[in-house]
Amino acid sequence: MSYMQLSQKFYDAFKLCGSSLKSPPIARKLHAQLILSGLDASLFLLNNLLHMYSSCGLVDDAFRVFREANHANIFTWNTMLHAFVDSGRMREAGNLFDEMPVRVRDSVSWTTMISGYCQNGLPAHSIKTFMLMLRDSSHGIQNCDPFSYTCTMKACGCLASTGLALQLHAHVIKLHFGTQTCIQNSLVDMYIKCGAICLAETVFHNIEIPSLFCWNSMIYGYSQLYGPYEALCVFTQMPERDNVSWSTLISVFSQHGLGVHCLSMFVEMCNLGFRPNFMTYGSVLSACASISDLEWGTHLHARILRMEHILDAFLGSGLIDMYAKCGCLGLARRVFNSLGERNQVSWTCLIAGVAQFELGEDALALFNQMRQASVVLDDFTLATVLGVCSGQNYAATGELLHGYAIKSGMNSSVPVGNAIITMYAKFGDTEKANLAFRLMPLRDTITWTAMITAFSQNGDIDKARKCFDTMPKHNVITWNSMLSTYIQHGFSEEGIKFYVLMRSKAVKPDWITFATSIRACADLAIIKLGTQIVTHAIKIKSHLKFGEIVVTIPTAGKLCFCPH
């Protein structure tokens, strides 16, 4: 057999083993045969050997071969670099990259490192590597290819840095990459992930023929900026649609609480021959849970079993959540018991479902089973279990869980911190709630609202108001929380003043605002303001939320009536 024929046979064998068989024993046997044949000096076969080893997960074997090689070219270095990156060993990839002679590095080397850092959860390192590439005095220009920029834009989106996004955009325009589809897709996606939807919209409208990826990205972008119905308008204007288009819109409706619209879109999607994926099913199950539609939920369950054949942890968790929220805890438990694989999400869904029925002991027992099963706890699981501890009977358990949160470091998580504050507030221990609040490194609106509620439940109105005034940012929920604090404790006059202040700040009221304010007007017999509030509620159709309100003004003996 000639040298060329033997080389071809080894090449074919390496390719088959690396792409299809992925068998470590076969890979090692092929390596041994290569040495026996005397062809191990072939650089071409060496590079393919490295690729086969890395495809079979034998990165250490590949690295030994790499180190023993007497000669290596750019393909050898890049193949080994890919092997480390694909296996998530970024420290070793970085060390190898630093060893590479500057003259050997090419655009593939740089792009491999930039994308590798981003894929392995290190977007800041991606940006740093990109900057180093640009500063490479001798290779800076030729190393700048479009794929380096698309990877860097992805990292920028992960960091949500609009300033950096604008700089990258200016750079691709300077290099005349702006007309390439991959760059256009990345620009739109980057701006949306940075929350700069208007900039994404500008880029989108300047593209002569937007790709399907751009259209799908704008569905989500418009839902964030303008709401679900504007996202629907984008969807209806699309020249073509795929599964992602439908799944994105269905997810948007589900996230905005439009359960009926979500189900309607799902039916239309299936009727047109598009096949839902696990994300689509997850959104629709969430919609069923939000509107407590058990009939649709059971139909989806049957469809999933018929179409997908297996029930994985993701879909199983969605079904558990749906059945629990529809009031069928027995069915939720049955789905949980049928799962071959249970992750922290499926455990958390069942614990939350059991807690929803106020079965605190059962929820804590499930939590103990979860720990015994060696399932990794996350902050959402711990926050859910802390929520179970809502009475004095659970005070000792709650404090133990608080201690566990501190020991594990999860007390720095915002959801866990919020749950700890709420738990202590329900115990009536505002001192410990306030201590937990002050020790939180990060706080969101829920954190502040929980602390206001804690002071309110303890009757400390002044501290509640001081907490409200200290907040960096308010929304209608926090305004309602403080408003309710005044009214519930008999300070109706202060409540009315607070409502007037709220309106002067141009805060859009909701049905809770109206109901609470009308109650204050009734307590103080303020007919004129009460009538104005009712009229405003009718004008913005808030009465659809809280139905018919009949407020009796005792002193004047009159009724303020808000009809359906």
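Conventions used here
Residues numbered from 1 in each chain as written. Predicted model: local features only at pLDDT ≥ 70, side-chain atom pairs only at ≥ 80, totals over all residues. Heavy atoms only, no water. Helix = DSSP H or I, 4+ residues; strand = E, 2+ residues; numbered from the N terminus. Buried < 20%, exposed > 50% of the residue type's maximum accessible area, 1.4 Å probe, protein only. Contact = heavy atoms within 4.5 Å. Lys, Arg positive; Asp, Glu negative; His and termini not counted. Charge placed at Lys NZ, Arg CZ, Asp CG, Glu CD. Expected span 1.5 Å × (residues − 1). Polar contact = N/O pair within 3.5 Å; in protein donor to acceptor, adjacent residues only side chain to side chain. Core = buried A, V, L, I, M, F, W, Y, C linked by side-chain atoms within 4.5 Å. Axes fitted to C-alpha atoms, helices over the stretch in contact; angles between N-to-C directions. Parallel < 35°, antiparallel > 145°, perpendicular 65-115°, else oblique. Left-handed = near helix turned anticlockwise from the far one by under 90°. Nonpolar A, V, L, I, M, F, W, Y, C, P; charged D, E, K, R; others polar. Phe/Tyr/Trp six-rings, centres within 6.5 Å; stacked < 30°, edge-to-face > 60°. Arc of directions from axis to C-beta.

Engineer: Describe the overall build of the protein chain, listing the residues and the values that go with them.
Structural biologist: When you go through the protein chain residue by residue, the secondary structure sums to 33 helices and two strands. With the principal axes as the frame, the protein chain shows a C-alpha extent of 110 × 55 × 50 Å. Each of the 564 residues in the protein chain was classed as buried or not, and the buried ones make up 48%. For the protein chain, long-range pairs separated by at least 24 residues make up 57% of all intrachain contacts whose partners lie at least 6 apart in sequence. Across the protein chain, 44 positive and 42 negative side-chain charges occur, with their mean positions spaced 2 Å apart.

Engineer: Before we move on, could you go through unusual backbone geometry and cite the residues and values that matter?
Structural biologist: Look at K22: it is not a glycine, yet its phi comes out positive at around 50°. For K22, the position within the fold is in the loop between α1 (3-21) and α2 (24-37). Backbone geometry places H176, a non-glycine residue, at a positive phi of 60°. By secondary structure assignment, the location of H176 is in the loop between α10 (162-174) and α11 (181-193).

Engineer: Outline helix α21 (residues 344-356), supporting the account with residue identities and numerical values.
Structural biologist: Every α-helix winds through 3.6 residues per turn, so residues three or four apart in the chain are directed the same way. In this model α21 runs 18 Å from its N-terminal to its C-terminal C-alpha over 13 residues, within 8% of the 18 Å that 1.5 Å per residue would give. Among the residues of α21, S346, W347, T348, C349, L350, I351, G353 and V354 are the ones counted as buried. In the core, the buried residues of α21 are packed alongside α19 (313-325), α20 (329-338), α22 (360-372) and α23 (379-388). You can read the cap of α21 off the contacts: a side-chain oxygen lies 3.1 Å from the backbone nitrogen of V345, and it is on N343. Immediately downstream of α21, the backbone of E358 shows phi near 60°, a positive value.

Engineer: Let's hear about the nonpolar core: which residues, and what values?
Structural biologist: Judged by nonpolar contacts, the single largest core of 172 residues is most densely connected at M80, Y149 and M190. In terms of residues, this core owes the most to one element, helix α25 (residues 414-427), which gives nine residues. Apart from residues no more than four positions distant in its own chain, Y149 is found in contact with F130, L134, C144, L168, H171, V172, L175, F177 and I183.

Engineer: Tell me what's going on with the packing of helix α26 (residues 430-439) against helix α27 (residues 445-457), and back it up with residues and numbers.
Structural biologist: In contact at an axis separation of 10 Å, α26 and α27 are set at 160° when each is read in the N-to-C sense. The angle between α26 and α27 places the two elements in the roughly antiparallel class. In this structure, α26 meets α27 at a crossing whose hand is left-handed. For the pair α26 and α27, contact is made by T430, A433, N434 and F437 and by T447, W448, M451, A454 and F455, respectively. Taken together, the residues of the contact of α26 with α27 sort by class into six nonpolar, three polar and no charged.

Engineer: How would you summarise the packing of aromatic side chains if you had to cite specific residues and measurements?
Structural biologist: Counted according to the given criterion, the structure contains 22 aromatic pairs. On the basis of an interplanar angle of 65° and a centroid distance of 5.8 Å, the ring pair of Y149 and F177 is categorised as edge-to-face. Taken together, the residues Y149 in helix α9 (residues 146-159) and F177 in the loop between α10 and α11 connect sequence positions 28 residues apart. On the basis of relative accessibility, which here comes to 0%, the residue Y149 falls in the buried class. According to the relative accessible area criterion, F177 is buried, its value standing at 11%.

Engineer: How would you summarise the environment of H301 if you had to cite specific residues and measurements?
Structural biologist: Tracing the backbone shows H301 in helix α18 (residues 294-308). The exposure class assigned to H301 is buried, which follows from its relative accessible area of 15%. Expressed as a C-alpha distance, the spacing of H301 and C144, which sit 157 residues apart in the sequence, is 50 Å.

Engineer: Tell me about α1, and name the residues and values.
Structural biologist: Over its 19 residues, α1 extends 25 Å from the first C-alpha to the last, a length consistent with the 27 Å expected when each residue adds 1.5 Å. When we look at burial in α1, the residues that qualify are S7, F10, F14, C17 and G18. When α1 is viewed along its axis, its buried side chains cluster within an angular range of 95° and face the same direction. Every exposed residue of α1 that faces more than 90 degrees away from the buried side is listed here: M4, K9, K15 and S20. Where α1 is buried, its residues contact α2 and α3 (43-55). Where α1 terminates, the next one or two residues include K22, which has phi positive at roughly 50°.

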